[in-house]
Amino acid sequence: MNAREQLITFITIVIKEFTRFTRIWQQTLLPPVITTSLYFIIFGNLIGPRIGQMDGFNYIDFIVPGLILMSVITNSYSNVVTSFFGAKFQRSLEEMLVSPTPNYVILLGYITGGVARGIIVGLIVTIVSLLFSDLRIHSVGVLISIVVLTAVLFSLGGFTNGVFARSFDDVSIVPTFILTPLTYLGGIFYSIHLLPDFWQGVSLGNPILYMINAFRFGFLGISDISLWLSYLIIGIFILVLFAINLHFLSRGHGIRH
Amino acid sequence: MTPALEILSLYKTYQNGVTALHGIDLQVAEGDFFALLGPNGAGKSTVIGIISSLVNKTSGTVRIFGVDIKNDFPRAKSFIGVVPQEFNFNVFETPWQILLNQAGYYGIPRGLARQRAEKYLSQMGLWDKRDSQARDLSGGMKRRLMIARSLVHQPRLLILDEPTAGVDIEIRRSMWDFLRKINREGTTIILTTHYLEEAESLCRNIAILDEGHLIENTSMRLLLRKVHMETFVLDLEQPLAQLPPGLSIKAQLLDEYTLEVEIIKDQNLNDLYQQLAREDIRVRSMRNKANRLEQLFVHLVGQNNNSERAA
Ligand SMILES: Nc1ncnc2c1ncn2[C@@H]1O[C@H](COP(=O)(O)OP(=O)(O)OP(=O)(O)O)[C@@H](O)[C@H]1O
Ligand SMILES: [Mg+2]
């Protein structure tokens, strides 16, 4: 396939992915809005005033960035894992596999689909959060780059999950037992300086902490950790996951006999 | 001329240890209408899986219009359209979306893709259904949807894995007409089937696969002739040094006491005996020689008759 044909194929996959998650918007776009609104109401409006300030900011303003990023993470991830596994399960993935489409185009197509859903949900949640807090923006560049990179990273993660999944249970194991705990412990609700030294050290082993802090820096201008370290860690994860996915796709793991 | 498909000593052993193909050699000329016949589990779908990249071969060579899949699989794949045995489209998508996506996977621009989608959906009688979800189509419509899908990039080689399974007689006939038409227009077609009748009415050449072995690869005409011949083995009372030249039936001496004769099925045996008597050959006993091909045919034909009755 020449470059132009590959571009057509890529766009086809992206449109297909976009169509999929907008068709079932009640399952994809609506739930994160409801969940995060509840967080805003409970932690921001009801409990927040009693907590007082966190790192010099109102509690609601402190938690909003993390909640936005959390919805980006879960939505990018679950979009790719559900869609890819679904295609594998229904065997409609074979449509792509028997075509001349190169593996990296398939991968990029799914990733872009996941990023699109992550960012759309992120935007909706951001708009909703304006009802509860008055967000200021410290650095647009940091916000946009971190949100895109994070969405890419978790779309790639969802893809890996989709490649290895053999049943629908395998699709929900990683989000439930790894992703959600890491996100909650990734400093959405607190600054890690509140933790005892030992748990501060443990927290630093959690990659999501770096993303949430960098994203929060984009809004508030504060971070528990160095911004550049965040970019470095996200970058490394993206490269590694990209290589892993491409490797297993070309070996035909779980998709070719 | 480069063959449309060339397969050399193709082996496949699945991960569970089942060897589905024990060294297949096959050639399909460009423009041919080719049948791959065989009972359940013969390895037909495995061959197609390997050609279309869904199954990795264990060893052997596959060339599609001269392109070795080992060297440039994407290019080889761009020549073929596949209609798989089992439904493999997204049931939540509509025929229209499915065809447009398919075109996209082959790098066809949207405008052209729309024209083709309209053309092939209409030809397959699915234009009215273009916006229904695929899961709401009937079984026969789903099969026609897969045919329309396989044509959108206008493949030079069309491979159909039991395209008429579960399709009623009337639709089956119209599918046959359609396949004949695109074959006349230049598309090479390979079709697998359990139905001898289907192969007979459509195909010029035929290969028969059984338990992973190619047991026959010939023209439809020769095969039918072969099938209509019956072989008998005769034990003779007296030794015979050589075949008498006067015999007008096809015969062969296996040893001096054993004569093998081939006659057309349903032919009267009296003629055979008269000839033998004229040559003073006396027969002690006679048995019917069953060969694998015949057994298979009895099996396939039986299956065919049953399904025809059911349909
Ligand atoms: N994915 C697989 N894993 C293990 N064994 C397989 C797999 N697919 C097919 N087989 C085995 O390979 C052999 C050939 O199967 P194949 O599907 O190629 O037969 P077929 O000729 O298409 O049969 P049918 O007419 O029933 O479709 C069978 O013994 C089958 O059990
Ligand atoms: Mg089969």
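Thresholds, definitions, all that
Residues numbered from 1 in each chain as written. Chains lettered and ligands numbered in written order. Predicted model: local features only at pLDDT ≥ 70, side-chain atom pairs only at ≥ 80, totals over all residues. Heavy atoms only, no water. Core = buried A, V, L, I, M, F, W, Y, C linked by side-chain atoms within 4.5 Å. Buried < 20%, exposed > 50% of the residue type's maximum accessible area, 1.4 Å probe, protein only. Helix = DSSP H or I, 4+ residues; strand = E, 2+ residues; numbered from the N terminus. Contact = heavy atoms within 4.5 Å. Donors = N, O, S within 2.8 Å, 3.2 Å for Na, K, Ca; no water. Pairing = 2+ DSSP bridges. Axes fitted to C-alpha atoms, helices over the stretch in contact; angles between N-to-C directions. pLDDT = per-residue confidence, 0-100.

By size, the foremost hydrophobic cluster in this structure holds 124 residues, and its most contacted members are Tyr110(A), Phe159(A), Leu145(B) and Leu179(B). Considering every element that reaches this core, the biggest residue donor is helix α4 (residues 59–90) of chain A, with 17 residues. When residues no more than four places from it in sequence are discounted, the contact partners of Tyr110(A) are Ile13(A), Glu17(A), Val80(A), Ser83(A), Phe84(A), Ala87(A), Leu93(A), Met96(A) and Phe159(A). The next biggest cluster of nonpolar side chains, apart from the first, holds 31 residues, and it includes Leu26(B), Leu36(B), Ile50(B) and Ala207(B).

Okay, the coordination of the magnesium ion (ligand 2) next. Residue and element names in this part refer to chain B. Protein coordination of the magnesium ion (ligand 2) is provided by Ser45 (OG) and Gln85 (OE1), with donor distances spanning 1.9 to 2.1 Å. Linking Ser45 in helix α1 (residues 44–51) with Gln85 in the loop between β6 (80–83) and α3 (95–105), this pair joins segments that are 40 residues apart in sequence. When its relative accessible area of 31% is taken as the criterion, Ser45 is described as partly exposed. Note on Gln85: relative accessible area 28%, which makes it partly exposed.

Attention now goes to the sheet that holds strand β14 (residues 283–288) of chain B. All names here are of chain B. Strand order in the open sheet formed by 4 strands is β12-β13-β11-β14, and the pairing between neighbours is antiparallel. The open sheet has two edge strands, β12 (250–255) and β14, and neither has a second partner. Here the average twist between neighbouring strands, direction ignored, is 25°. Pairing of β12 with strand β13 (residues 258–264), which is carried by 5 bridges, proceeds in the antiparallel orientation. By the bridge assignment, Gln252 is partnered in β13 with Glu260. The sheet contacts of helix α9 (residues 269–278) involve β11 (229–236), β13 and β14, and relative to β14 the element is tilted by about 145°.

Before going further, it helps to examine the confidence of the model for chain B. Residue and element names in this part refer to chain B. Model confidence for chain B is summarised by a mean pLDDT of 86, while 93% of its residues fall at 70 or above. Within the model, pLDDT remains below 50 along residues 304–311, and this stretch shows 8 contacts once partners closer than five positions in the same chain are excluded. Predicted complex metrics record ipTM = 0.87 and pTM = 0.85.

Our focus in this paragraph is the environment of Ser191(A). Residues and elements named next belong to chain A. With respect to the helices and strands, the residue Ser191 is situated in the loop between α8 (168–184) and α9 (197–203). Separated by 137 residues in the primary sequence, Ser191 and Met54 place their C-alpha atoms 7.2 Å from one another. Sequence-distant contacts of Ser191, defined by excluding residues within four places in its chain, comprise Met54, Asp55, Phe62 and Asp224.

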